[in-house]
Each structure stands twice: as structure tokens, then as C-alpha cells.
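# Topology and contacts: notes
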Amino acid sequence: MKQSWVCGVLMIPLLSSAMSFQAASEQAYGASGEMIRLSGKVQSNGYERDAVLSAEPLSLEGSARRIRADDARGEGIEYGMMVGFSMKPAGIKHAQQRQYAVRSKTFQYEQLQQQGWIQVSLKRDWLLFLLSGERMKILADKVEVSEKGYAMGSKKFQAGRMSQMELLRLDTERQNASREYALAAMESEHAQLRLQEITMNKGALVIDDLAFSFIRDDNGTENRIDNAAVLGVFRGREEELNAEIDLLRRSRVERINLGVGMTQEPTQNSLDMKLTVPLVWNDRNEKKIAALMSERSALIAQREALKDKLRLRTYGALEHLAEREKRIKELRNNEKSYETLFHMAYKGFEGGVVPQFEYLAAKNAFYDARLRSVGLKNDYVEEMSTLEEKLGGVWK
């Protein structure tokens, strides 16, 4: 089982096709259920707009009545027929067009927010996959060194210069290193499967233009906060409320009904005209407007409060990331000292002047330091992704 994990991970570069981060993002958009739902919302809004703004249907009215008159010559059946149609005032039609256009824009804001979250998730999983590969390389090197140490120990044991217990300790170290490598290979395979799932890629996914790097607090931080996707959704909702308020203000006369018809009477025929103008003179619309304005005020206050919180979180996270970057660089420098000490211990153990336990302590300290550096990078990626998720997009 372990060998299959190792072979599978090592074959990834051979069985995969590289693509850019943008191309991988496009694949992930198409595979996202939430993106499909929002696209359906945009399309549905368009059909609903066309239905509301389409021409009103014609109406037919017919009538018939029996007329009794004092004079028999005026008696008989009266027939009537009228064709009617409705029309909206130009102001209302324009307001409805704006309302649906703004609603579509709100859905587009939500799509941009969802796309940003998808990119953040894709970037995080790819960087974690790269770091899992870095961990595998370190552990592969550790396995190789452990194998060499065990081989040296076997020779010393056969020559009577090492006890069986010391040889068993070297064998245990070798087996532990192999288990650690197999576990890292399994984690790397799982990281690749997450990438394939988010993009629905049939083969292994390799992004050729995205590598681990530190982010900087540059002059564009405030602009990133202002353009955060979550704030865009709030702005879209505010515009939607403004459009709804404008429609209600124009709705004193919602539609005008016109009719043309003829009436056949026993003694004469007539041409009939009808004009109906329904008026809204009560305070129904004013109350609705007041409710929407109150909702808009709360929405604006909520957006401003969220923006202030987002600013605090962003600058706080940037400070934490700067500290993590400092620790990663310090540990890299320390690795050189650990490496020098390990090579000295290795040569001394090979020459028989350094005890086994001192050699193993130097070896494990060196590889632990290298693995600790990768672990700090993992933590950096996770915190960076949390920041990017709050902003609704990757840090560019």
C-alpha cells in the first residue's frame, strides 16, 4: 500500500498537463454548484424582466341584454363588443427596466464573490500540495541517510564494534523514516485529489505559474479593502433598494386601460370608447418607501461597520504574516548550522569517533528543523488564505 502511494505521487509530473492559475480557476468555476446556481439566477432574472416588460395582452368584453320599452319599436336585444388593452406610463417602464438591471448586477457581484472564494481555495490547496512535495523530498533524503546509517551499523556490528541493541536502534530509525515518507506521500496524494475535485480535472493538476511567496503590505491594501467582494454585494443590494424605491415613487398611476368597441341597439348603433386610469392616493406606497429606506439605512451602516472590521482584520493579519515570514527566514538560517553539525556527526560516526546516539540526535535535529520550516510555511499559507477569503479574492 505504501509503495503505491509513493509511486502514485512520483508519477504525477509525468501523467499531468500543466496549466495557468487562471485556466485552472476557469475550470473550477464551471465545476462549482454555487456558480451554476448564480448563473441560473442571472438567466432567470432576464426572462422575468422580459415577461414583466412585454406587451400587455388584449382583452375582449361582450355584452347582451333584453330591452323592454314603452314603445314596442324600441324593444329588442342589445349587443356590445369592446377590445381593450393596457399600457404602462413611460416612467414606470423605465424604473422597472432599471430594477431588473440592478438585480442582475447584484447577482454578478455575488458571482464575483464566489469566484474569488474559489480562487482562494484553489490557491491554498495548490500551495499545500507544493509544500507536501517539499516535505516528501526532505523525508526521502532522511530515508536515504537512514539507510546509509544502517548499512554502516551493519558493518560495524559484523566487525564486533557495535552491539545488537545499537544496530536495532538504527533499524528502528530507518523504519520510522520510511513510515514518515509513506505518510507524507499519502497526504500529498490527498492534496492532489482535492485539486482534482475542485476543478473536476480528470488527470493530475499542475499549475505552472503559481509558487509559494510572501505577500507585502503595499500601497494597494486600502484599494483591496474598498473593492472587497463582500462590500460589492452590499453595494449591489443598496442599488437594488434604490431602484425599488424609485419604482414605488413613480407608481401613482401603474397602468392606463384603453378600450374601443361598438354597441348594436334596437334603434341605433354606437361607437364606444373607454379610458380607465387607476390612481393610488392612499399612503400605501409611502409606507413601503419608508420601510425600504429604513432597510437601506441599516444596510449602509452594516456595510460601513463591516468595512472597518475588514480593515482591522487585514492590517492585523498582515502584521502576523510579517512575523511568520521573519520566523521562517530565521529558521532557514538556523538550518545551515544544523546541517553543518549533522555532516560533522555523520563523518565522525563513520570514522568511529562520534557515538551513535550523538549522531542520531544531530541527524534528527537537522531534519526536524527542515520539516519545521515547511510546517511554518503551511501555517503561513493557512493564515494568508483566511485573509484572502475575508477580502473575497487572492492577493495580487
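How each quantity is defined
- Residues numbered from 1 in each chain as written.
- Predicted model: local features only at pLDDT ≥ 70, side-chain atom pairs only at ≥ 80, totals over all residues.
- Heavy atoms only, no water.
- Pairing = 2+ DSSP bridges.
- Helix = DSSP H or I, 4+ residues; strand = E, 2+ residues; numbered from the N terminus.
- Axes fitted to C-alpha atoms, helices over the stretch in contact; angles between N-to-C directions.
- Buried < 20%, exposed > 50% of the residue type's maximum accessible area, 1.4 Å probe, protein only.
- Polar contact = N/O pair within 3.5 Å; in protein donor to acceptor, adjacent residues only side chain to side chain.
- Contact = heavy atoms within 4.5 Å.
- Phe/Tyr/Trp six-rings, centres within 6.5 Å; stacked < 30°, edge-to-face > 60°.
- Salt bridge = Lys/Arg side-chain N within 4 Å of Asp/Glu carboxyl O.
- Patch = residues over 30% accessible without salt bridge, like charges linked within 9 Å, V, L, I, M, F, W, Y side chains within 5 Å.
- Areas by Shrake-Rupley, 256 points an atom, 1.4 Å probe, with all protein chains shown as cover.
- Lys, Arg positive; Asp, Glu negative; His and termini not counted.
- Charge placed at Lys NZ, Arg CZ, Asp CG, Glu CD.
- Core = buried A, V, L, I, M, F, W, Y, C linked by side-chain atoms within 4.5 Å.

Glancing now at the sheet that holds strand β3 (residues 76-87). Strands in a sheet are paired, the pairing made by backbone hydrogen bonds, and the direction either parallel or antiparallel. Pairing is antiparallel in the open sheet, where four strands are placed in the order β2-β3-β5-β6. What marks the edges here is a single partner per strand, and that holds for β2 (59-67) and β6 (269-276). Direction aside, the axes of adjacent strands within the sheet are offset by 20° on average. In the sheet, β3 pairs with strand β5 (residues 256-264) via nine bridges, with the strands oriented antiparallel. Along β5, the bridge assignment pairs valine 83 with valine 260.

Looking at the element boundaries, glutamate 325 is found in helix α9 (residues 284-351). Relative accessible area serves as the criterion here: at 9%, glutamate 325 is assigned to the buried category. A distance of 2.9 Å separates polar atoms of two side chains, one belonging to glutamate 325 and the other to arginine 216. What glutamate 325 contacts, discounting residues up to four positions off in sequence, is Phe214, Arg216 and Tyr380.

With the rule as written, the count across this model stands at 11 aromatic pairs. Summarising the aromatic geometry, the rings of phenylalanine 214 and tyrosine 380 are spaced 5.1 Å apart at their centres and angled 85° between planes, so their arrangement reads as edge-to-face. Of this pair, phenylalanine 214 sits in the loop between β4 (205-207) and α7 (221-226) while tyrosine 380 sits in helix α10 (residues 356-391), and the two are 166 residues apart along the sequence. Here the aromatic rings of phenylalanine 342 and phenylalanine 366 are separated by 5.5 Å at their centres, their planes lie at 10°, and the arrangement is stacked. Placement of the pair is phenylalanine 342 in helix α9 and phenylalanine 366 in helix α10, with a sequence separation of 24 residues. According to the relative accessible area criterion, phenylalanine 366 is buried, its value standing at 6%.

Now for the pattern of salt bridges. Counted by the stated rule, this structure contains 27 salt bridges. A salt bridge links glutamate 173 to arginine 169, with the shortest nitrogen-to-oxygen separation between them at 3.6 Å. Linking glutamate 173 with arginine 169, this pair stays in helix α6 (residues 164-199), spanning four residues, or about one helical turn. Overall, arginine 169 belongs to the partly exposed group, its relative accessible area being 32%. Glutamate 240 serves as the salt-bridge partner of arginine 237, at 3.7 Å between the closest nitrogen and oxygen. Highlighted residues: arginine 237 and glutamate 240, both in helix α8 (residues 229-249), separated by three residues, approximately one helical turn. A residue is classified by how much of its surface remains accessible, and glutamate 240, at 12% relative accessible area, is buried. Overlapping salt bridges, with partners in common, bring together Glu48, Arg103, Arg237, Glu240 and Glu295 in one network.

Quick look at the environment of lysine 148 now. Position of lysine 148 relative to the elements: it lies in helix α5 (residues 90-158). Taking C-alpha positions, lysine 148 is 10.0 Å from glutamate 350, a pair spaced 202 residues apart along the chain.

Let's shift gears to unusual backbone geometry. Of note, the phi angle at methionine 200 is positive, near 55°, even though the residue is not glycine. Take methionine 200: it is sitting in the loop between α6 and β4.

To continue, consider the pairing of β5. For β5 and β6, the ladder comprises eight bridges, and the chain directions are antiparallel. For methionine 262, the partnering residue across the bridge sits in β6 and is leucine 271. Between β5 and β6, which pair antiparallel in sequence order, lie four residues.

This brings us to a negative patch on the surface. A surface patch of like charges, here negative, comprises Asp217, Glu319, Glu323 and Glu330. Structurally, the position occupied by glutamate 323 is in helix α9.

This paragraph deals with the nonpolar core. Among the nonpolar cores identified, the biggest contains 55 residues, and Leu122, Trp126, Ile207, Ile215, Tyr359 and Leu387 are the most heavily contacted of them. Those elements giving two or more residues to this core turn out to be α3 (21-31), α5, α6, β4, α9 and α10. With near-sequence residues (within four places) excluded, tyrosine 359 lies in contact with Val145, Gly149, Leu170, Phe342, Ala345, Tyr346, Phe349 and Val354.

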